[in-house]
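Residues per chain, in single letters:
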Amino acid sequence: KVVFMRTINLHYQYQPIVDLNTLDIVRQEALLRVDGVTDIEALVGSFERNGSVIEIDLYTLTHALHQIQSISADSPVPIAINVSALSLVNPCFQHEVLSNLVQRRPSGLLSFEITETWPLQHMNRAHGFVSRLKQQGCSVGLDDVGDGFARLSVVQHLHLNYLKLSSKLTTKVLHSRTAQEAVRAAIRFSTMLGIPIVAEHIDNGAQLAWLQSAGITHGQGWLFAKPTELITSGADFSAALRARLRNRP
């Protein structure tokens, strides 16, 4: 760890992403937590400004690769980790990630979600790195579409596997026509590319119903599960989720 990381206690919680039709879990996102910090987004923003986000992203990768060893081989649940647009194009970061992947071989159990709170530059360098990640069996998505600098064109240029809608859109779909149109535009785009789209922050049945009717196929939010410990068995989680939602008032 770099020096500043010795003064803070980093840990992770995991929130599932589910298929909205079957309620099968498709992956779980590793969410950074820091003791005494409530605004993680602001903290990560400060990491990006001072350049230390690269160390954070490498630490997250190491943690995820270790956790993958605990996941059931019979019912595996991939782990998705966030990677800053700054880290994505950094040659040192790229070298360290690829070295770790070659050594640990996560075998399709690792996804990278690009966060564009900082604008993505050096597109050709990013494209080459994403291609190598996919060659190692990883999937790569774009996080928080509709927020920050996240652009749908990045999904197409980098040939990403999926995209995720920002909660700033999905939490407003019941009362904002602007949010509704933005969601529908993203769905049309993902359909054209033939990739799934994930809606974040689904917290109630009315919101879920609207998103499903619009064509959203994957979701994440408190309606399904709050961030918790590592999910080691997909079958066990999905069975419990179906039973809970079936009995929901």
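Just above sits the structure.
Residues numbered from 1 in each chain as written. Predicted model: local features only at pLDDT ≥ 70, side-chain atom pairs only at ≥ 80, totals over all residues. Heavy atoms only, no water.

Draft legend 1. How the structure looks around unusual backbone geometry. One non-glycine residue, Asp144, adopts positive backbone phi at about 55°. Relative to the assigned elements, Asp144 resides in strand β5 (residues 139–145). Even without a glycine there, the phi angle at His159 is positive, about 55°. With respect to the helices and strands, the residue His159 is situated in the loop between α6 (152–158) and β6 (162–165). (Helix = DSSP H or I, 4+ residues; strand = E, 2+ residues; numbered from the N terminus.)

Draft legend 2. How the structure looks around the packing of aromatic side chains. Tallied over the entire structure, the rule returns two aromatic pairs. Geometrically, the ring pair formed by Phe93 and Phe129 is edge-to-face, given 6.2 Å between the ring centres and 70° between the ring planes. Here Phe93 is found in helix α4 (residues 91–104), whereas its partner Phe129 is found in helix α5 (residues 123–135), with 36 residues between them in sequence. Exposure class is identical for Phe93 and Phe129. Each is buried. The ring of Tyr162 carries Arg27 above its face, with NZ or CZ at 3.9 Å from the centroid. Between the NZ or CZ atom of Lys226 and the centre of the ring of Trp222, over which it lies, the distance is 4.4 Å. (Phe/Tyr/Trp six-rings, centres within 6.5 Å; stacked < 30°, edge-to-face > 60°. Buried < 20%, exposed > 50% of the residue type's maximum accessible area, 1.4 Å probe, protein only. Lys NZ or Arg CZ within 6 Å of the ring centre and 35° of its normal.)

Draft legend 3. Geometry of the pairing of strand β4 (residues 110–115). Burial of β4 is extensive: six of the six residues sit out of reach of the surface. Side-chain alternation along β4 places Leu110, Phe112 and Ile114 on one buried face and Ser111, Glu113 and Thr115 on a second face that is also buried. As judged from the four bridges shared by β4 and β5, these two strands associate in the parallel manner. Across the sheet, residue Phe112 finds its bridge partner in β5, namely Val140. Regarding the hand of the β-α-β motif, the stretch spanning β4, α5 and β5 is right-handed. (Pairing = 2+ DSSP bridges. Right-handed = clockwise from strand over helix to strand, strands pointing away.)

Draft legend 4. Layout of the side chain of Ser238. Among the structural elements, Ser238 can be located in helix α10 (residues 234–246). The residues contacting Ser238, other than those within four sequence positions of it, are Leu23, Asp24 and Ile25. (Contact = heavy atoms within 4.5 Å.)

Draft legend 5. Up close: the nonpolar core. Counting 75 residues, the largest nonpolar core has Leu110, Phe112 and Phe224 as its most contacted members. It is helix α2 (residues 53–68) that contributes the most residues to this core, eight residues altogether. When sequence neighbours within four positions are dropped, the list of residues in contact with Phe224 reads Val18, Leu20, Leu23, Ile202, Leu208, Gly219, Phe237, Leu241, Arg244 and Leu245. (Core = buried A, V, L, I, M, F, W, Y, C linked by side-chain atoms within 4.5 Å.)

Draft legend 6. Layout of the side chain of Gln15. Along the chain, the position of Gln15 falls in strand β1 (residues 10–19). Setting aside anything within four residues of it in sequence, one finds Gln15 in contact with Arg27, Gln28, Glu29, Leu31, Gln220, Gly221, Trp222, Ala225, Lys226 and Pro227.

Draft legend 7. Quick peek at the sheet that holds strand β8 (residues 218–219). Strands sit in the order β1-β2-β3-β4-β5-β6-β7-β8 around a closed barrel of eight strands; the barrel is mixed. Across the sheet, helix α8 (residues 177–193) touches β6 and β7 (197–199), and the angle it forms with β6 is around 175°. (Axes fitted to C-alpha atoms, helices over the stretch in contact; angles between N-to-C directions.)

Draft legend 8. Fine view of the environment of Ile114. Secondary-structure assignment places Ile114 in strand β4. A relative accessible area of 0% places Ile114 in the buried class. Each C-alpha atom of the pair Ile114 and Leu142 lies 4.8 Å from the other, and the pair is 28 residues apart in sequence. Apart from the residues within four sequence positions on either side, Ile114 is in contact with Val83, Leu88, Val140, Gly141, Leu142, Asp143, Leu158 and Leu160.

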